[in-house]
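# Structural overview
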Amino acid sequence: MTSVPSKNIWIKRQQCPCGDWKCYVTCEGDVEETSVASQLEKNETFQSDSMVSPYVGMVFKSDDDAFEYYGNFARKNGFSIRKERSRLSPQLGIYKRDFVCYRSGFAPARKKSTAEHHRDRKSVRCGCDAKMYLSKEVVEGVSQWFVVQFSNVHNHELLEDDQVRLLPAYRKIQEADQERILLLSKAGFPIHRIVKVLELEKGIQGGQLPFLERDVRNFVQNRKKIVQENDALLTEKRENDTMELLEACKVTKEMDGEFVYDFTMDENDKVENIVWSYGDSVRAYTLFGDVVYFDTSYRSITYGMHLGVWLGIDNNGKTILFGCVLLQDETARSFAWALQAFIRLMKGKCPQTILTDLELGLKDAVRSELPSTRHAISIWNIQPKISSWFFLSLGPRYPELKSMFDDLYHAENADDFEHRWSQMVSMFGLGSDKHIALLYSLRASWASSYMRGYFLARMATSAYLKSVESFLKAICCAQTCLRSFFEQVGSSSNFLNQLRQEMQYMLTKTCIPLEEHARNFLTPFAFNDFQHELVLSMQCALSEMPDGSYLVHHYKKMDAERLVIWIPEDEQILCTCKEFESSGMLCRHTLRVFILKNYFQLPEKYYLSRWRRESSLVFYGNQSTQTNDDGWFQEFESLTETLLTESSITKERSDYVRRELPKELKRLISEVRKIPESDGAAMDLTLSPSG
């Protein structure tokens, strides 16, 4: 039985923010299942699904696909398989593959050992003839693998479900469990205690792990041996790769004057921390740096470093990269340096709000280095931890806790929150729980009643967090060294990649003039939010107060009342829901009042520049690289913006542009290629320096 090695230098960290080394949290969305319960559920689903038995003539795209299919069939039917023979030809490469039952053939006769303690293990091979042979053929230039022989006749007993999972082929220690095992082993836990801890943490009965105690013992012994043999090599690799990364930063700086980076060295003159950003990212920050998400969820076992990524959201709702940092540890001191360096790279501009994970070291660093910035923790970062902390301990009562927690998160005010919190803690006996104490100490950064009015620019939503996770997986996928990671990040930072975004059209849903007016200013992403609130405003009833303010509520829900204050001399409108202060988009309550006041156009101050069309990064050029001969670039930018604006008004216009624009560009390219080349210097038409 062999463990599953990581193919990636970056993994999700599992250390719990409570600071207790024995406590960890599971990472939702990991490729590898970390829960035996999830794995068993998957197996049960697999068992219930009908699966076609392999047959002669069956076709697969590759031999790997065939092996995976036969392996799934074998597991369902109580045995496992192995690869036996393959044949090679100069023309086709490997063109034949033989897959057989794990009990196929016979063990070779062993010479008798003179050693006193020779272990005579009995072979499981018994000459079983179950097999699947494949042959590769090229059909119309495409390689395909055909089953040429298949037999499912076994000369041994097939295993039941609870037995087949213990065959060596199916006993795998997943990456998350490997980390946990090594952590417990370093803490001095004996093997049998480690197994017991894993069973308790996963809430399963003894003997139900997908691996055996001896597998854990072998894994620990092998890992210790590897570490002892390769420790010096790993240290050398870390030092060489970090120096290579630093050199890559220097080279990039020479090629792109707007690339910025900083680093620190330790007492041994080794790279300790390094931070960098790109010209595109710095320019993007000037437009959209009002809210920053600082993700610190990935770390590298290979390099012993922690990854931090600063991200934002543009006016099209897309995740954008502001910068990256590699840190030697996750202390408040390291986080403080990272934040200091980031602000320096961003030319001294601090964000209005910074979103982070639940991390005490970050809390202290933000407080000391960004005193004027509001610190927020998204509820979407907290909810998975709630499950890790209380799902097993509360058992069937966990759904009730989750429901109460969701309710107090949405509490209207601080007093209501405090009352609901006390009720929850008392009901579930959590007065001495360290995780509850941690959440309460940070309540001002995550509870709605305390955060209402924090500017978040739609970044504290599940949709944005999913976008961030997708972005991070893209830059952290299967990189073999820091240099390749650096190059991947550079590619992701290049906003010219967004030129291929599909054009969107914006249909109106109401006959209200406010909607038509907003469409001329807002990007499709922002207009969609505005339109949603405008439609809902039609369901709002309102009553005017003596002081000229309004009470606005849904026509069926009298208890969800909002106070809207109208100041006519300044055309200023305020709502107690504070949606505009939070997202930069007017809420349904304020829009209802504007409609009542017979406004056909909103005051332009309510179209924030960060949501306007003209703030788009797609055609945000680098002024230093533009030629000033006749302003051709500015004209191109203006024409392109006009084209996008006009084409988005109706579906017919959008379809026409998407159909005809590629034709016109191809025609233009063809005409340009017919023009003879001159000996003069080429114009620099770079839109923006790429990483």
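Our subject is the structure listed above.
Overview of the structure. Keep in mind it's a predicted model, so treat the numbers as computed, not measured. (Residues numbered from 1 in each chain as written. Predicted model: local features only at pLDDT ≥ 70, side-chain atom pairs only at ≥ 80, totals over all residues. Heavy atoms only, no water.)

### Quick notes on the overall build of the chain
What the chain contains, in helices and strands, is 22 helices and 17 strands. Each of the 691 residues in the chain was classed as buried or not, and the buried ones make up 44%. For the chain, restricting intrachain contacts to residue pairs at least 6 apart in sequence, the fraction spanning at least 24 positions comes to 63%. When the accessible surface of the chain is split by element, carbon and sulfur atoms take 52% of a total near 36600 Å². (Helix = DSSP H or I, 4+ residues; strand = E, 2+ residues; numbered from the N terminus. Buried < 20%, exposed > 50% of the residue type's maximum accessible area, 1.4 Å probe, protein only. Contact = heavy atoms within 4.5 Å. Areas by Shrake-Rupley, 256 points an atom, 1.4 Å probe, with all protein chains shown as cover.)

### Some points on the pattern of salt bridges
Considering all chains together, one arrives at 27 salt bridges under this definition. The residue Asp63 makes a salt bridge to Arg97 at a minimum N-O spacing of 3.0 Å. Of this pair, Asp63 sits in helix H2 (residues 63-76) while Arg97 sits in strand S4 (residues 93-101), and the two are 34 residues apart along the sequence. The pair formed by Asp63 and Arg97 is uniform in burial state, with each residue classed as buried. Here the residues in one salt-bridge network are Glu84, Arg85, Arg87 and Asp98, joined through shared partners. (Salt bridge = Lys/Arg side-chain N within 4 Å of Asp/Glu carboxyl O.)

### Describing the packing of helix H10 (residues 379-394) against helix H13 (residues 434-441)
Two quantities define a packed helix pair, namely the angle between the axes and the distance from one axis to the other. Interhelical geometry of H10 versus H13 gives an angle of 160° and a closest axis separation of 11 Å. In terms of orientation, H10 and H13 fall into the roughly antiparallel class. For the element pair H10 and H13, the recorded crossing hand is left-handed. Along the contact surface, H10 presents Ile382, Ile386, Trp389 and Phe390, while H13 presents His435, Ile436, Leu438 and Leu439. Here the contact of H10 with H13 is composed, by residue class, of seven nonpolar, one polar and no charged. (Axes fitted to C-alpha atoms, helices over the stretch in contact; angles between N-to-C directions. Parallel < 35°, antiparallel > 145°, perpendicular 65-115°, else oblique. Left-handed = near helix turned anticlockwise from the far one by under 90°. Nonpolar A, V, L, I, M, F, W, Y, C, P; charged D, E, K, R; others polar.)

### Re the packing of helix H11 (residues 398-409) against helix H12 (residues 414-428)
Axis separation between H11 and H12 bottoms out at 9 Å; the angle between their running directions is 165°. Taken together, the axes of H11 and H12 lie roughly antiparallel to each other. Once H11 is placed against H12, the crossing between them reads as left-handed. For the pair H11 and H12, contact is made by Glu400, Leu401, Met404, Phe405, Asp407 and Leu408 and by Phe417, Arg420, Trp421, Gln423, Met424, Met427 and Phe428, respectively. Looking at side-chain class alone, the contact of H11 with H12 contains nine nonpolar, one polar and three charged residues.

### Quick look at the sheet that holds strand S6 (residues 142-151)
The strands that make up a sheet are held in pairs by hydrogen bonds between backbone atoms, and each pair lies either parallel or antiparallel. The five strands are arranged S2-S6-S5-S4-S3 in an open sheet whose pairing can be described as antiparallel. The open sheet has two edge strands with one neighbour each: strand S2 (59-60) and strand S3 (81-89). Bridge count between S4 and strand S5 (residues 131-139): five bridges; the pairing is antiparallel. When the sheet's bridge partners are listed, Arg97 is paired in S5 with Leu134. (Pairing = 2+ DSSP bridges.)

### A closer look at the nonpolar core
The biggest cluster of nonpolar side chains holds 70 residues, and the ones touching the most others in it are Trp276, Leu311, Leu326, Leu522, Phe530 and Phe594. Per element, the largest residue contribution to this core is six residues, and it comes from helix H15 (residues 462-475). With residues up to four places along the chain from it excluded, the contact list for Leu326 reads Trp10, Leu245, Glu272, Asn273, Ile274, Trp276, Met305, His306, Leu307 and Leu482. (Core = buried A, V, L, I, M, F, W, Y, C linked by side-chain atoms within 4.5 Å.)

### Examining the pairing of S6
Sheet faces and side chains relate simply in a regular strand, where the side chains alternate between the two faces. Summarising the sheet, S2 and S6 pair through two bridges and their orientation is antiparallel. Within S6, the residue paired with Phe60 across the bridge is Trp145. Pairing analysis gives nine bridges linking S5 to S6, with the strands arranged antiparallel. From the neighbouring strand, Ser135 faces S6, where its bridge partner is Phe146.

### A look at the packing of aromatic side chains
Applying the stated rule across the entire model yields 33 aromatic pairs. Centre to centre, the rings of Trp310 and Phe342 are 4.4 Å apart; their planes meet at 15°, and the pair counts as stacked. In this pair, Trp310 is assigned in strand S10 (residues 305-313) and Phe342 in helix H8 (residues 332-345), connecting sequence segments 32 residues apart. Accessibility assignment for this pair places Trp310 and Phe342 in one class, buried. (Phe/Tyr/Trp six-rings, centres within 6.5 Å; stacked < 30°, edge-to-face > 60°.)

### Re the environment of Val56
With respect to the helices and strands, Val56 occurs in the loop between helix H1 (36-48) and S2. You can call Val56 exposed: its relative accessible area is 54%. Distance from Val56 to Phe146, taken between C-alpha atoms, is 7.6 Å for residues 90 residues apart in sequence. Ignoring any residue separated from it by four or fewer positions in sequence, one finds Val56 in contact with Val147, Val148, Gln149 and Phe150.

### Side note on the sheet that holds strand S17 (residues 572-575)
Strand order in the open sheet made by the four strands is S14-S15-S16-S17, with antiparallel pairing throughout. Each edge of the open sheet is held by one strand with a lone partner, namely strand S14 (540-544) and S17. Each strand axis lies, on average, 25° off the axis of its neighbour in the sheet, ignoring direction. Looking at chain direction, strand S16 (residues 557-567) and S17 are connected through four bridges and run antiparallel. From the neighbouring strand, Ile565 faces S17, where its bridge partner is Leu574. Against the sheet, helix H20 (residues 588-596) contacts S14, strand S15 (550-554), S16 and S17, and its axis sits at roughly 65° relative to S14.

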